[in-house]
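Commentary on secondary and tertiary structure
The residues making up each chain are set out below.
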Amino acid sequence: MRTLFSRALGLVLGLAVMMAAQAAEPGKLPHVVILATGGTIAGSGATTTTTVGYTAATVGVQSLIQAVPEMQKVARVTGEQVFQIASENMSNAHWLTLGKRVNALLAQSDVDGIVITHGTDTLEETAYFLNLVVKSRKPVVVVGSMRPSTAISADGPINLYNAVILAGSQEAIGKGVLVCLNDQISGARDVTKSNTSTADTFRNPDLGMLGYMQGNRAYFYKTSTRKHTLDTEFDISKLDSLPQVDIVYSYANVNATALNALVAAGAKGIVHAGVGDGSLPNPVKDGLLKARKSGVLVVRSSRVGSGIIARNGEANDDELDFVASDTLNPQKARILLMLALTRTSDSKAIQQMFWTY
Ligand code: DAS
């Protein structure tokens, strides 16, 4: 009886493998390139239960690929180790290198999509930067994990598997840069890290995610209404650096010491992480106005985390000649202001950009 059962099981399994192989003929698989930058997804901990206090950026891209052999059934996967860093150390220089490599690869006819493995701490920033500078409609998917590769129930392998499927999918074409963790698909503009340690940390306050990954395929229910990738005016191909833009955080009893130091250090733009609807405490307002008069561009954002920072709402932007960040949080407003300053220093034109991207 047992022999008959094991023979039947072997036959069924053999048929399943053959059907999978036929269904995904190597010639028909999309070519997805994984650009590895480090982070927890490439992290390792001392024990299988270490989910905080591990070391990020220790596992190389080939090991990440070998750890998920199922990927070979859904895409022809190749990998490059662009950096190996914890993403709190991501910099403008890293972004320019990464953005130029992405554009060079996507210009190749034999590349169908790109996955970027990345630490979660600044993942939303890198994704938004790429959303503004990638010059292709091909999918670019940024992925990370909240548990290191050595942990029980590590989320990295399934996140990477889903990201590769998404990057090779027809559905993701033309959607802008996407972020894919925890079976969810988010757009680069609106997603943000909302929890220090849980697997569902990436959220889209108020504006919502774009879709799900389920059963080896992507399901989209929405697209972004804001311009991205090929439809932006930003070109990094000839840039070796980005204008210095810094963020000033406000709170009760704040003073202008930090602001004045940043301006004295040569900031070309300041994003104010204001209280409430981007409100300006008097010491900071005076400091920002002085900075504006010296030629520094000023953008009013908010520390609150969701909602519109309305022009001429909590401050007379027309009179102060400030820019309102719309729904961009301070860290994303900084990215758009940096790129805007590579095109113009006209505050009215920059305000239009915050209503466009
Ligand atoms: N230090 C974090 C980072 O690299 C680890 C992570 O969450 O990926 O962003």
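The coordinates are above.
Residues numbered from 1 in each chain as written. Predicted model: local features only at pLDDT ≥ 70, side-chain atom pairs only at ≥ 80, totals over all residues. Heavy atoms only, no water.

**Points about the sheet that holds strand 14 (residues 323-324)**
The strand order 11-12-13-14 describes an open sheet built from 4 strands, whose pairing is parallel. Both outer strands of the open sheet, strand 11 (245-249) and strand 14, are each paired with one neighbouring strand and no more. Relative to strand 14, strand 13 (residues 297-302) runs parallel, the two being bridged by 2 bridges. Considered in strand 14, the bridge of valine 299 is made with valine 323. The strands touched by helix 9 (residues 330-340) are strand 11, strand 12 (269-274) and strand 13; relative to strand 12, the strand with the most contacts, the crossing angle is about 160°. (Pairing = 2+ DSSP bridges. Helix = DSSP H or I, 4+ residues; strand = E, 2+ residues; numbered from the N terminus. Contact = heavy atoms within 4.5 Å. Axes fitted to C-alpha atoms, helices over the stretch in contact; angles between N-to-C directions.)

**Concerning the site of the ligand**
What surrounds the ligand is the set Gly39, Thr40, Tyr54, Ala86, Ser87, Glu88, Gly119, Thr120 and Asp121. Threonine 40 is positioned with one of its backbone polar atoms (N or O) 2.8 Å from an oxygen atom of the ligand. Here the ligand, which alone exposes 260 Å², has 92% of that area covered by the protein. Grouping the constituent residues of the shell around the ligand by class yields 2 nonpolar, 5 polar and 2 charged. (Near = heavy atom within 4 Å. Polar contact = N/O pair within 3.5 Å; in protein donor to acceptor, adjacent residues only side chain to side chain. Areas by Shrake-Rupley, 256 points an atom, 1.4 Å probe, with all protein chains shown as cover. Nonpolar A, V, L, I, M, F, W, Y, C, P; charged D, E, K, R; others polar.)

**Topic: helix 7 (residues 282-293)**
Compared with an ideal rise of 1.5 Å per residue, which puts 12 residues at 16 Å, helix 7 spans 16 Å between its outermost C-alpha atoms and is within 8% of the ideal. Of the residues making up helix 7, those classed as buried are Val284, Gly287, Leu288, Ala291 and Arg292. The buried side chains of helix 7 occupy one side of the element, clustering within an arc of 140° when seen end-on. Helix 7 presents Asn282, Asp286, Lys290 and Lys293 as exposed residues on the side facing more than 90 degrees away from its buried surface. On its buried side, helix 7 packs onto helix 6 (257-264), strand 12, strand 13, helix 8 (317-320) and helix 10 (347-354). (Expected span 1.5 Å × (residues − 1). Buried < 20%, exposed > 50% of the residue type's maximum accessible area, 1.4 Å probe, protein only. Arc of directions from axis to C-beta.)

**Here we look at the pairing of strand 5 (residues 178-181)**
Burial along strand 5 is two-sided: Leu178 and Cys180 facing one way and Val179 and Leu181 facing the other are all buried. Inspection of the sheet shows strand 4 (residues 140-143) paired to strand 5 by 2 bridges, in the parallel sense. Note on strand 5: the bridge partner recorded for valine 141 is leucine 178. Once the chain exits strand 4 it traverses helix 5 (residues 156-167) before rejoining the sheet at strand 5, and the crossover so formed is left-handed. (Right-handed = clockwise from strand over helix to strand, strands pointing away.)

**With respect to the packing of aromatic side chains**
Two measures describe an aromatic ring pair: the distance that separates the ring centres and the angle between the ring planes. One pass over the structure, following the stated rule, counts 3 aromatic pairs. With 5.3 Å between their ring centres and 15° between their planes, tryptophan 95 and phenylalanine 129 make a pair best called stacked. On the criterion of sequence distance, the pair formed by tryptophan 95 in helix 3 (residues 92-106) and phenylalanine 129 in helix 4 (residues 123-133) is long-range, its members being 34 residues apart. Take phenylalanine 129: its relative accessible area is 0%, and that puts it in the buried class. Directly above the aromatic system of phenylalanine 220 lies the positively charged group of lysine 175, at a separation of 4.4 Å from the ring centroid. The cationic tip of arginine 217 hangs over the ring face of tyrosine 219; the distance from NZ or CZ to the ring centre is 4.1 Å. (Phe/Tyr/Trp six-rings, centres within 6.5 Å; stacked < 30°, edge-to-face > 60°. Lys NZ or Arg CZ within 6 Å of the ring centre and 35° of its normal.)

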